[in-house]
Structures are given as C-alpha cells and as structure tokens.
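# Architecture at a glance
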Amino acid sequence: MKKAFKILIVDDEPLIAHSLKLAGESLGHITKIAFSAEEALDIWSSFKPDLAFIDILMSGMSGLDLLKKIPKASTKTVLISAHDKLNEEEIKTAGADLFIKKPFEDIFKIIQKAEKLMLNTKT
C-alpha cells in the first residue's frame, strides 16, 4: 500500500491550487491549500506537511521569502512558477528540493514526481 503524504499547496491562483489538491487527493494524499504565504505560515505548525508545493510569485510575501521562514527539517519543498529564470543552484540556495515550471502538462505527473522525491529521501 502506498504511503499517504500531507501536502500543503501554496498558490494564489485558485485553479492551480485546486487542481493540485484534487490530483493529490485522488492519489490518496491529505491536502490543504493556502492562497498566500502568510496563510501558509498560519497553517504550517498545526498541519505539519510532509511536502509543500510553493508558488514563487504571489502577492504579498513571495514563495522564496516563505522558504526562509518555514521549518524545513521534516518537509520537502517543490517550487512551482511560470518564472523560469532560476537555475538549479538558486533553487537549492533558496532551500527548495525541486522546481517545476508552470504551466503543467499533466497535473498527476507533478504529484507523482513529488512522490518520487518523498520516497527517495525517506528511510
């Protein structure tokens, strides 16, 4: 049986946030949505996500700023953005484990890619 992960989706675009939520839930994961980085900070301590999808460009605090404020010890983070000017070193420096460019061709493949990230790092 596949392990269910707690996934927090942080994106100010409702269509993307709800699409990731539905795809994650259909694959057996527990998901929550935050439509801003500030909302994500409020949810973080009580939800304790295993995995977070974080949009870079949001109104208010950016996804990169959010990465600086969250406890990273037990959470893998996937940056998502149409902004594709980041290289792999900048992504790692920001504290993210993976970067996925928007728009997504297949939302289920995005969740599966994140599952592989989780399974490759769990012992």
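So, a few notes on the structure that sits alongside this text. (Residues numbered from 1 in each chain as written. Predicted model: local features only at pLDDT ≥ 70, side-chain atom pairs only at ≥ 80, totals over all residues. Heavy atoms only, no water.)

The next subject is the pattern of salt bridges. Applying the stated criterion across every chain, the model contains six salt bridges. In this structure, Lys-102 and Asp-55 form a salt bridge, with 3.3 Å as the shortest nitrogen-oxygen distance. A residue pair is termed long-range when its members are at least 10 positions apart, and Lys-102 in the loop between strand E5 (98–101) and helix H5 (107–121) and Asp-55 in strand E3 (residues 51–55) qualify at 47 residues. Given the relative accessible area of 2%, Asp-55 is considered buried. The residue Lys-76 makes a salt bridge to Asp-97 at a minimum N-O spacing of 3.9 Å. (Salt bridge = Lys/Arg side-chain N within 4 Å of Asp/Glu carboxyl O. Helix = DSSP H or I, 4+ residues; strand = E, 2+ residues; numbered from the N terminus. Buried < 20%, exposed > 50% of the residue type's maximum accessible area, 1.4 Å probe, protein only.)

Its place among the elements puts Lys-2 in the segment before strand E1 (6–10). With a relative accessible area of 44%, Lys-2 lands in the partly exposed category. As a C-alpha pair, Lys-2 and Leu-27 span 25 residues in sequence and 9.1 Å in three-dimensional space. The contact partners of Lys-2, leaving out residues within four places of it in the chain, are Leu-27, His-29 and Glu-115. (Contact = heavy atoms within 4.5 Å.)

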